[in-house]
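# Chain and residue survey
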Amino acid sequence: MQKQMEKSCTLLVHFDKGAPSLANEIKEALEGNDVPLKIDALKKAIMLLLNGETIPQLFITIIRYVLPSEDHTIQKLLLLYLEIIDKTDARGKVLPEMILICQNLRNNLQHPNEYIRGVTLRFLCRLNEVEIIEPLIPSIVENLEHRHPFVRRNAILAVMSLYKLPEGQNMLDQAPEIIEKVLSTEQDHSSKRNAFLMLFNCSQERAVNYLFTHIDRINDWGEQLQMVVLELIRKVCRSNKAEKGKYIKIIISLLNAPSTAVIYECAGTLVSLSSAPTAIRAAASTYSQLLLSQSDNNVKLIVLDRLNELKSSHREIMIELVMDVLRALSSPNLDIRRKTLDIALELITPRNVDEVVLMLKKEVVKTQSGELEKNGEYRQMLVQAIHTCAIKFPEVASTVVHLLMDFLGDSNVASALDVVVFVREIIETNPKLRVSIITRLLDTFYQIRAARVCSCALWIIGEYCLSLSEVESGIATIKQCLGDLPFYTAAAEEGDAQDALKSSQPVNVAAASSRRPAILADGTYATQSAALETAMSPPTLVQGSLTSVGNLRSLILSGDFFLGAVVACTLTKLILRLEEVQPSKLEVNKATTHALLIMVSMLQLGQSPVLPHPIDNDSHDRVILCIRLLCNTGDEIRKIWLQSCRESFVKMLAEKQLQETEEIKAKAQISHAQPDDLIDFYHLKSRKGMSQLELEDEVQDDLKRATGEFTKDGDDANKLNRILQLTGFSDPVYAEAYVTVHHYDIVLDVTVINRTKDTLQNLCLELATMGDLKLVERPQNYTLAPESSKQIKANIKVSSTETGVIFGNIVYETSSNVLERTVVVLNDIHIDIMDYISPASCADAAFRTMWAEFEWENKVAINTVIQDEREFLNHIIKSTNMKCLTPPSALEGECGFLAANLYAKSVFGEDALVNVSVEKQVDGKLSGYIRIRSKTQGIALSLGDKITLKQKGAA
């Protein structure tokens, strides 16, 4: 049964096991004369056979009643049936009844209908039994000259599969010559492709000779044949690098082919075979053309991936094509636009930055006019791209900053926030633009509708309004956006209003009549019922006379007191600066008084019952601090408010720049050549017969060899760490495995050594898996001679980032006792999650968003012998292969506390978020928690287990 399951399968059909057909029913239908019933019965028989059923009694019925049928569908199904039945016995000999089908196959190969001939020849391609095929060879060869191309192309494939059989070269030794003749006279593109493929697989020299004999007509060959030619070139160049130059010329000529598939393959082949600038430039130009000419989004994404690979290895050439790449922004798909911008931003140089920024500006303007649903998101991407350009090349900032400031009032908050952050950075790094930016910001401030954007804009106004006119304009703008004071008016005395709000239950008439007369706000007495009605009415908000422009007012009245605190701080800074630049004390005092009035009004609003939530303590304390400061200003306090804030911001920008520089350095690959590596000097080589392209290719190969790019990445010492011992030294069979992890695949290279003096028969490595791991192939049986070894490979598919376990045993029989099977249990192989996750970066805002969204959390209590917070954090970063997003400056100092965010991404695109919160106890020990969040359960649990295992550290 095991042997039966391991045989090759050429056909797969979905089968619903709900209602299995009975063999007798199938037999009756096959014996009848109804053609549709026969077809249905044959299909059922095929599906039963494919699913492990054996129906031996049907064979003779099919030979008697189905074989003579002239119906084409029945003949096709008959061939499928013959393809999947067992044609040999247990010893591998052909069953005698198979002779019955030989005559039928010969008749089919000489049938007047070309379809019958073609499908029979296709069937012979999947036949491995020499005894059945040998008598049919003359008929197969005759069909090579048939009038119809369908028959000829299948006859060529039949000859190829026959020639590939172990005894095929003896049965038809002249096959390559015959096919070469067919190729020279054949006109049908598909038949030519099959003939060339046969020569490529069975007689490579003939294929190469044919290629160079007809090299001038290669562009007229069909798409299918050109694809096989490219495959041949790749194979030949890998085995014989010396002749690479002449083949590269063929590839470059094929770049003019009409088929886009051929052009794409040509570009990929050029990149894989050559590093010559001419070849790379041709490949990059081809990719750029495909990017613009293809309408399919998937094709565009694949081409962008290829361009991204070229960018990392041949940046200088890609820089020339940056504008061609940017033309892909015309696609409405956001993924394509994002990839295009990512590629373009890494190709910006002082020469092309103006062109790139101009293109991006045009795209930003387009987002205003278009009504696409994702315009806001696209605008945000463009703003970030322009931001990156302006930081790298400050001279372009002046051309874009005013355009972008029009979007401060954007309905897409993320886009507006990116604009204001960009403006904040530019105003610091480009002092020349300060005046124009401040003037524009004050003019457009009333358009801002988002609280976070308002906060950042207010900070800019508070820090960068320096002259008298700017300071006065800043104060006036804030006053205008706040509107008239007060923020609310009470409909009755505050005490009565609060009492009325507390008694929210309906008040009966008796309770109303017992109330004493009340004095209204205008000083008049009210009747009892009127007083009750007035007392029951809540205080009303005063929207002010500038409702249309009072963005700050509407946000504060909605309960955003953090923004209120920012307004208070901004006013405080502006008043402090006004004291320095305004000679008139009267004007300063007047401005101070109005600022204090605004702050007091905000505090009154925050503590009144008019809003559902009172002012928070932090905002309250901050506003109080501003009030105290304006009432009593000291030089030290003035310095902190007017200088220290800016200094902190400058320090933050410097750190950000340093971090980006370090990341760029880390990305740069440094290759080292071995001391004894051979270096060829192309200047000393003979140049006879070499074209410019071949010469360039030689030079690039020499440079790569000199800089060590041809050396292998793997470190031998690292490889030894990945060898796992599976059995003990005293076991009769010793086994060890070398584990290689390739993203979605795990390859186990198992070495099995027979340590006995006996021959081990039917030795089988049986493996099983736990977790999201799946074995790809069934184990095979081997025979192992005394004291010999065998390399066995096992492939395992991985479907998620989860710690999996591979376990199993080795089973074998000895030659002395065949009936007794011996089992050697293997050690478990634990697949480490660290093989699937790698450090990654993300913005703080994105981290917080994901932290809020992800539902799986694993909380690990800190238990370690390490006593230093920073040392413990570094240990966790190293153990989990993650990146610390918290900047070093935030981790400096000794305060006994530490909080940091770590981030990594798996090869399956999963995000892993970790928050480390550590506190140093009085006794010097560390306590706290490490929290892991992810979208899937597997990564959260696996990372938690890894941290629990590794967190103790060295004693």
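Residues numbered from 1 in each chain as written. Predicted model: local features only at pLDDT ≥ 70, side-chain atom pairs only at ≥ 80, totals over all residues. Heavy atoms only, no water.

## Here's the deal with helix α27 (residues 434-444)
Those residues of α27 that sit buried are R434, I437, I438, L441, L442 and T444. Packed against the buried residues of α27 are α25 (397-404), α26 (413-429), α28 (451-464) and α29 (468-482). (Buried < 20%, exposed > 50% of the residue type's maximum accessible area, 1.4 Å probe, protein only. Helix = DSSP H or I, 4+ residues; strand = E, 2+ residues; numbered from the N terminus. Contact = heavy atoms within 4.5 Å.)

## A closer look at unusual backbone geometry
In this model, E787 sits at a positive phi of 60 degrees, which is unusual for a non-glycine residue. Within the fold, E787 resides in the loop between β10 (781-784) and β11 (789-798). Even without a glycine there, the phi angle at N881 is positive, about 60 degrees. Structurally, N881 is set in the loop between α41 (869-880) and β17 (883-884). According to the relative accessible area criterion, N881 is partly exposed, its value standing at 28%.

## Thoughts on the side chain of S288
Note that S288 resides in helix α18 (residues 277-293). The exposure class assigned to S288 is buried, which follows from its relative accessible area of 3%. When sequence neighbours within four positions are dropped, the list of residues in contact with S288 reads L307, L321, D324 and V325.

## Some remarks on the environment of S312
With respect to the element layout, S312 can be found in helix α19 (residues 297-313). Taking relative accessible area as the criterion, S312 reaches 62% and is therefore assigned exposed.

## Things to note about the packing of helix α15 (residues 223-239) against helix α16 (residues 244-254)
Packing of α15 against α16 brings their axes to within 10 Å, and their N-to-C directions diverge by 160 degrees. Considering the angle they form, α15 stands roughly antiparallel to α16. When you trace α15 past α16, the crossing you get is left-handed. Contacts between α15 and α16 pair Q226, V229, L230, I233, V236 and C237 from the former with K244, Y247, I250, I251 and L254 from the latter. The residue makeup of the contact of α15 with α16, split by class, is nine nonpolar, one polar and one charged. (Axes fitted to C-alpha atoms, helices over the stretch in contact; angles between N-to-C directions. Parallel < 35°, antiparallel > 145°, perpendicular 65-115°, else oblique. Left-handed = near helix turned anticlockwise from the far one by under 90°. Nonpolar A, V, L, I, M, F, W, Y, C, P; charged D, E, K, R; others polar.)

## A look at helix α24 (residues 375-392)
Look at α24: 26 Å from first C-alpha to last across 18 residues, which is about the 26 Å you get at 1.5 Å a residue. Taken across its 18 residues, α24 has 13 buried, putting it largely inside the fold. (Expected span 1.5 Å × (residues − 1).)

## Topic: the packing of α19 against helix α22 (residues 334-345)
Orientation of α19 relative to α22, taken along the N-to-C sense of each, is 15 degrees, at an axis distance of 10 Å. When the axes of α19 and α22 are compared, the pair comes out roughly parallel. Our pair here, α19 against α22, has a crossing hand that is left-handed. Here α19 contributes N297, K300, L301, L304, D305, L307, N308 and K311 to the contact with α22, which in turn contributes D335, I336, K339, T340 and I343. Here the contact of α19 with α22 is composed, by residue class, of five nonpolar, three polar and five charged.

## Points about the side chain of T751
Within the secondary structure, T751 is located in strand β7 (residues 745-754). Within the structure, the side chain of T751 is placed 2.6 Å from the side chain of Q791, a separation counted as a polar contact. Excluding residues within four positions of it along the chain, T751 makes contact with Y734, A735, E736, K790 and Q791. (Polar contact = N/O pair within 3.5 Å; in protein donor to acceptor, adjacent residues only side chain to side chain.)

## Points about the packing of aromatic side chains
Tallying each qualifying case throughout the model produces ten aromatic pairs. Ring plane angle 70 degrees and centroid distance 6.1 Å describe the contact between W459 and Y464, whose orientation is recorded as edge-to-face. Assessed through its relative accessible area of 1%, Y464 is described here as buried. Above the plane of the ring of Y378 lies R337, whose end atom (NZ or CZ) is 3.6 Å from the centre. (Phe/Tyr/Trp six-rings, centres within 6.5 Å; stacked < 30°, edge-to-face > 60°. Lys NZ or Arg CZ within 6 Å of the ring centre and 35° of its normal.)

## A word on the pairing of strand β8 (residues 760-770)
Pairing of β8 with β10, which is carried by three bridges, proceeds in the antiparallel orientation. Paired with L760 across the two strands is L784, which belongs to β10. Pairing between β8 and strand β12 (residues 804-814): nine bridges, direction antiparallel. Along β12, the bridge assignment pairs L760 with T814. (Pairing = 2+ DSSP bridges.)

## A word on the state of the cysteines
Enumeration over the complete set of coordinates arrives at zero disulfides. Lacking any disulfide linkage, C645 is separated from the closest cysteine sulfur, that of C569, by 8.4 Å. Judged by its relative accessible area of 28%, C645 is partly exposed. (Disulfide = S-S within 2.5 Å.)

## Observations concerning the confidence of the model for the protein
Here the protein shows a mean pLDDT of 79. Residues at 70 or above account for 84%. Taken together, the stretch residues 543-549 has pLDDT below 50 and engages in ten contacts with residues farther than four places along the chain or on a different chain. Low pLDDT (under 50) marks residues 708-715, which in the prediction has ten contacts with non-local residues, meaning those over four places away or in another chain. (pLDDT = per-residue confidence, 0-100.)

## So, the environment of L404
With respect to the helices and strands, the residue L404 is situated in helix α25. Relative accessible area serves as the criterion here: at 0%, L404 is assigned to the buried category. Through-space distance from the C-alpha of L404 to that of L382 is 10.0 Å; in sequence the pair is 22 residues apart. In this structure L404 touches V364, V383, I386, V419 and F422, once residues within four positions along its chain are discounted.

## Focus on the pattern of salt bridges
With the rule as written, the count across this model stands at 24 salt bridges. The partner of E177 in a salt bridge is R206, with the nearest N and O atoms 3.9 Å apart. Pair noted here: E177 is in helix α12 (residues 175-185) and R206 is in helix α14 (residues 204-213), with a separation of 29 residues, a long-range link. Of the residues examined, E177 reaches a relative accessible area of 41% and is grouped as partly exposed. (Salt bridge = Lys/Arg side-chain N within 4 Å of Asp/Glu carboxyl O.)

## What about the sheet that holds β11?
What the five strands build is an open sheet, ordered β5-β6-β7-β11-β9; its pairing is antiparallel. The two strands at the open ends of the sheet, each matched to only one other strand, are β5 (723-725) and β9 (773-775). Direction aside, the axes of adjacent strands within the sheet are offset by 30 degrees on average. Both β9 and β11 contribute to a ladder of three bridges, which runs antiparallel.

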